[in-house]
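Spelled out, the chains give:
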There are 2 protein chains.
Amino acid sequence: MLATAFTPAEGENMKIGELAGVTGTPVETIRYYEREGLLAAPARSEGNFRIYADAHAERLSFIRHCRSLDMTLAEIRELLRFKDVPTGNCGEVNTLLDAHIGHVAARIRELRALEKQLKSLRERCHEAQDAAHCGILNELSQTSRNGTKKAGHLGSVHGNVRNVMA
Amino acid sequence: MLATAFTPAEGENMKIGELAGVTGTPVETIRYYEREGLLAAPARSEGNFRIYADAHAERLSFIRHCRSLDMTLAEIRELLRFKDVPTGNCGEVNTLLDAHIGHVAARIRELRALEKQLKSLRERCHEAQDAAHCGILNELSQTSRNGTKKAGHLGSVHGNVRNVMA
DNA sequence: CTTGACTCTGTAGTGGCTACAGGTTGTCAA
DNA sequence: TTGACAACCTGTAGCCACTACAGAGTCAAG
């Protein structure tokens, strides 16, 4: 209380840019989480700016930490639910996490198989020749009936997740 | 020519459903590839149905094979360009493939690090207790400043790619 | 009083499909 | 002949987790 002008970092009354800096989250993403109901709508200043308290920073950190562990927002929503009911039993947290670890392990297995296939494909052409005789292009034209990439809800090698980095 | 009613599978004059069956590709996806310019628009029947020849099936197989290797449509577009110019040099094919192998390897490394983090997190809570004391939830609330998940254009564990399977 | 950094809302785009809605065409049996 | 039904057509919206604007408002410093 009575925090007025100072405390520029991690103070009680942050504007969105400061929260962004403190948590390493783009401003747009914070507003997105609010729209999605992951982060409660904060108080507003006279000029309609969002004013965040430490509790918001904490919750946002939780969310970002989970995201850095590649959990979906749905999974995070679930975890937040458990977090918000402290009397509840955390067995389901374990279950959720185990399931997530399973997803990651499955994706690693898939990617390893993929890597093997790609390397074997690469073996088919070692030097640059004319494309008509390129073993790689010819091999790719074969109608192979191998059912890789079943379902697993895992994600492509090339990514949607750009960078959290900061 | 003079193929009339018979040749139900892999004949010269397929309708979209048959092409879908032959290549294991959903009908909607075939139309999508056409819109995207990956697959040439085929001839049309009197009743405006798409009529495909074997060349289309071959090209679609190529595309699907590449997709099963988790290449992006942009990468596939490039490969098709090389394929369409048979006099061209395939050195760039090698380059593209090497880059793609690099992406996969990088993603595997990332996921292994992720798996390790998740397992260590899981260690924090072995039995179901009340959520307020759950080591996992508490750990996730920590503001850790580790910059996993840089960029790499790799993809989440949970996936956009549903299933190609058939 | 002006500049410029920050904030606001709302909307559109990303990739690679998928899932409709609402219509047309083709095929077969009764 | 009719009537049912599958397969086809176009067009549009939705998925996920953001990202990137446009166009307007707010605020502190010089």
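Shown above is the structure to which this text applies.
What you see is a predicted model, and the numbers here were worked out from it, not measured in a lab.

The rules behind these values
- Residues numbered from 1 in each chain as written.
- Chains lettered and ligands numbered in written order.
- Predicted model: local features only at pLDDT ≥ 70, side-chain atom pairs only at ≥ 80, totals over all residues.
- Heavy atoms only, no water.
- Near = heavy atom within 4 Å.
- Polar contact = N/O pair within 3.5 Å; in protein donor to acceptor, adjacent residues only side chain to side chain.
- Helix = DSSP H or I, 4+ residues; strand = E, 2+ residues; numbered from the N terminus.
- Nonpolar A, V, L, I, M, F, W, Y, C, P; charged D, E, K, R; others polar.

Engineer: So what's going on with the protein's contact with DNA strand D? Residues and values would help.
Structural biologist: The environment of DNA strand D is formed by 20 residues, the closest being Tyr 33 and Arg 67 of chain A together with Gly 17, Arg 31 and Arg 50 of chain B. Taking Thr 29 of chain A, its side chain carries an N or O atom lying 3.3 Å from a phosphate oxygen of DNA strand D. One of the backbone nitrogen or oxygen atoms of Leu 73 of chain A is found 3.3 Å away from a phosphate oxygen of DNA strand D. Of all elements in the fold, only α2 (27-35) and α3 (54-68) of chain A together with α1 (16-23) of chain B reach the threshold of two or more residues within the surface near DNA strand D. Ranked by residues supplied to the surface near DNA strand D, first place goes to α2 of chain A with four residues.

Engineer: Tell me about the protein's contact with DNA strand C, and name the residues and values.
Structural biologist: As a structural note, the neighbourhood of DNA strand C is formed by 20 residues, with Gly 17, Arg 31 and Arg 50 of chain A together with Tyr 33 and Arg 67 of chain B the closest of them. A share of 79% is what sugar and phosphate atoms reach among the atoms of DNA strand C within 4 Å of the protein. A distance of 3.2 Å is found between a phosphate oxygen of DNA strand C and a side-chain nitrogen or oxygen belonging to Thr 29 of chain B. Between DNA strand C and Tyr 33 of chain B there is a distance of 2.8 Å, counted from a phosphate oxygen to a side-chain nitrogen or oxygen. Those elements that place two or more of their residues in the surface near DNA strand C are α1 (16-23) of chain A together with α2 (27-35) and α3 (54-68) of chain B. In terms of residues, the surface near DNA strand C owes the most to one element, α2 of chain B, which gives four residues. Along the lines of polarity and charge, the residues of the surface near DNA strand C split into seven nonpolar, five polar and eight charged.

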